[in-house]
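# Working through the structure, step by step
Listed here are the chains, written in short residue letters.
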Amino acid sequence: MACRLCQISAYCDRSRTLDARARFGTNRIELRFGEEHLSPTVKEIGAMTVRDESPLKIANDPEFRPDLAFTPLTEAMVERLRTYGKEESYPTDSPLFTHGDRGVDMFVILQGEVDVSLPPSVAGCKTIWKHRRFAVAGELNLLTTQACLVDGKTVGDTTVLRISRQELQRLMREEGDIANLITSAVIWRRIGILGEETAGVTLIGHSNDAATRELQRFLVRNSYPHRVAEPSSMERATSEVDAGLSRFPTVVLSDGRSWHKPTISGLADELGITELPDPGRIYDVAIVGAGPSGLAAAVYAASEGLCTIVIEGVAPGGQAGTSSKIENYLGFPTGVSGLRLASRAQLQALKFGVSFAISRETVRSEEIDGIHQLTLAGGIPVRARSVVVASGAQYRTLSVENYRRYENCGIYYAATAMESVFCRDKEVVVVGGGNSAGQAALFLSGIAKHVHHLVRTHSLAKTMSQYLISRIEKSPNITLHTRSEIVALDGDLSLDQVKWVHHGTGVITAAPVSNVFVMIGAEPNSGWLFGSVTLDKKGFILTGGSVGFENTPYATSMRGMFAVGDVRAQSVKRVASAVGEGSVVISDVHRYLADHRNSLAAERNSALAALRSANAAAAHDTPDRVEGRQ
Ligand SMILES: Cc1cc2nc3c(=O)[nH]c(=O)nc-3n(C[C@H](O)[C@H](O)[C@H](O)COP(=O)(O)OP(=O)(O)OC[C@H]3O[C@@H](n4cnc5c(N)ncnc54)[C@H](O)[C@@H]3O)c2cc1C
């Protein structure tokens, strides 16, 4: 059962703590959580990660696993579920859900069958699954705000247990083993759907068109089923006739509607990828950014009973989401793609009830009477008692045609053992005049056939440590090209040629290079905070010490606002440290909310208001009752 105060989490023991405190006659009710809160959560997380190979579909992997997609509930589980739903009977051919529906209920089949099919297409109507006794009907949209991708209708007289969305959320919090079974099943079903040729949307656009690629990247990074098609010659001709204005990219939705040149945020809303914030709610914590640090914070916050919203400008995963393989993250001996890691983390957060406003950048932040007012792109307001800034950083990029095309398949931002494998006995280029570029050049010089080190300035003297400059000068394997810049990147599937120009002579050099290391620094995504929190001179957020509003390493200069991960000055710019910071900052958030609960605005009927009045009631508890208990 959910805590009667926060009404969110089964694991939130505010009400139990309250009762205990009331019994013991103390008027101090802590919002901190003991072992008993964490144990079930950790157990569940453990159970989820056992199915280690269950990511959402990325490119062509993994193989669909029907055994995991359709594991039936046991009779005992169904009995437990009866308290969450009501039995309903339907004649044959009754639709239970239809593609495009939002907030679809969950159905457990008690008797009869349910056929699940993809929406009708030119290829006709395709039944993809048949659910029988004790199966749960539904797919990933059961846990998200996404519109339903499939149709489900009864075959023969069918009796189901219908569980409403609200009750489903309660169930996911209270019934750990069933929640894990459902989570695993819906992930695998989505993987199955991703493998279907006609599922989801069709993106029509030219393969070399940046807008088409951006939409495609958005769909891929959000694991949304889609296919990409080149415009037919007829479509091309028509669009040219249209006053020379191209209608592409065009997205054809599952109900057949065509949408020319959609915006990312418009498409996210249409497909239900984004969940718009509730304007009437004050969230306990708003997390800005869904990279590794933000996702970790979201999982810990929601699993520990905080009403949590994540605001993400693009797609979950952040920088890590663009990495094809993260080799140094604990627990994945063969590496894990950033997208897969992010998809799982997002799902884990969804399971605990986190709201995700995807494709909505935070553009402004202000604090009024202890409440943080965030403004999202388009003027959408979000109110929260605390904020975790996890907006990360972006590696600086070069302004060269085709640059994005080769990111992760020829252009890298780190030179580690992983990247070095691709460089063995090959010519490589390192761009940048700082120490990280120098270290990378030296490291790669021991592996690559030759390192071309490009800098725009006349020398390295002003930007690099002398010991590195000396070693670079001594290395026969490194050529320093001063006053030089890359002007062209070429290659079919991956990069195979790089051209650079020497600004003094104008000479252009072409070299057979398939790996370029761009090490020209990172820029923090902190522009939206200018003027509101203290930043260092590079724009990273200063936290802790004399700057922080309280004495923790993650407190910014603004009351109730914390910063974690790459956006934080002095943080280690790695996935593991980002996840670590996102996880531990939540204990600071709890402490902040507990310490400031009397000064924070509380709405009537809110958990905070209830807590305050209960607190006041507890303060009036008589001393003899206290003594009697002790
Ligand atoms: C190509 C690449 C490969 C890498 N490989 C590795 C590796 O193998 N191992 C390793 O340890 N590290 C690696 N890193 C570094 C690692 O990815 C980062 O350290 C880590 O992602 C930082 O996490 P974060 O959550 O702090 O920030 P980010 O990952 O930067 O995430 C920040 C998120 O916030 C969002 N955001 C930004 N501004 C706003 C706003 N105003 N409103 C809403 N949302 C916003 C962004 O869209 C982004 O999704 C790699 C980085 C890159 C770029």
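Refer to the structure printed above.
Structure report, in brief. Just so it is clear, the structure is predicted and the values come from calculations on it, not from any experiment.

### Overview of the overall build of the protein
Along the backbone of the protein there are 18 helices and 27 strands. Counting all 630 residues of the protein, 53% fall into the buried class. When contacts within the protein are restricted to residue pairs at least 6 apart in sequence, long-range pairs at least 24 apart make up 67% of them. Surface accessibility of the protein: about 27,900 Å² in total, with carbon and sulfur atoms responsible for 51%.

### Description of the sheet that holds strand E23 (residues 497–502)
Judged by pairing direction, the sheet is antiparallel, and its 3 strands sit side by side in the order E22-E23-E24 without closing on themselves. Because the sheet does not close on itself, it has two edges, and the strands there are strand E22 (484–490) and strand E24 (508–511). Direction aside, neighbouring strands of the sheet carry axes that sit 25° apart on average.

### What to know about the site of the ligand
Taken together, 36 residues are adjacent to the ligand, and Ser293, Glu312, Gln319, Thr362 and Asp566 come closest. At 2.7 Å, a side-chain N or O of Ser293 approaches an oxygen atom of the ligand. One of the side-chain N or O atoms of Asn328 is found 2.9 Å from a nitrogen atom in the ligand. Taken by itself the ligand offers 1,000 Å² of open surface, and the protein chains cover 91% of this. Put simply, the parts of the chain that give the shell around the ligand at least two residues each are helix H10 (292–303), strand E12 (308–312), strand E17 (393–395) and helix H16 (575–595). Along the lines of polarity and charge, the residues of the shell around the ligand split into 15 nonpolar, 15 polar and 6 charged.

### Let's talk about H10
The terminal C-alpha atoms of H10 lie 16 Å apart, and with 12 residues this matches the ideal 16 Å at 1.5 Å per residue to within 8%. Most of H10 sits out of view: 11 of its 12 residues are buried.

### As for the sheet that holds strand E25 (residues 513–518)
Reading across from one edge, E18-E25-E19-E20-E21 is the order of the 5 strands in this open sheet, with parallel pairing throughout. Of all strands in the sheet, those bounded by a partner on one side alone are strand E18 (411–412) and strand E21 (478–481). Relative to E25, strand E19 (residues 427–431) is paired through 5 bridges, and the arrangement is parallel. Each bridged residue has a counterpart across the sheet, and for Glu427 the counterpart in E25 is Val513. The strands touched by helix H14 (residues 435–445) within the sheet are E19, strand E20 (450–454), E21 and E25, with E20 carrying the most contacts at an inclination of about 165°.

Rules and cut-offs
- Residues numbered from 1 in each chain as written.
- Predicted model: local features only at pLDDT ≥ 70, side-chain atom pairs only at ≥ 80, totals over all residues.
- Heavy atoms only, no water.
- Helix = DSSP H or I, 4+ residues; strand = E, 2+ residues; numbered from the N terminus.
- Buried < 20%, exposed > 50% of the residue type's maximum accessible area, 1.4 Å probe, protein only.
- Contact = heavy atoms within 4.5 Å.
- Areas by Shrake-Rupley, 256 points an atom, 1.4 Å probe, with all protein chains shown as cover.
- Pairing = 2+ DSSP bridges.
- Axes fitted to C-alpha atoms, helices over the stretch in contact; angles between N-to-C directions.
- Near = heavy atom within 4 Å.
- Polar contact = N/O pair within 3.5 Å; in protein donor to acceptor, adjacent residues only side chain to side chain.
- Nonpolar A, V, L, I, M, F, W, Y, C, P; charged D, E, K, R; others polar.
- Expected span 1.5 Å × (residues − 1).

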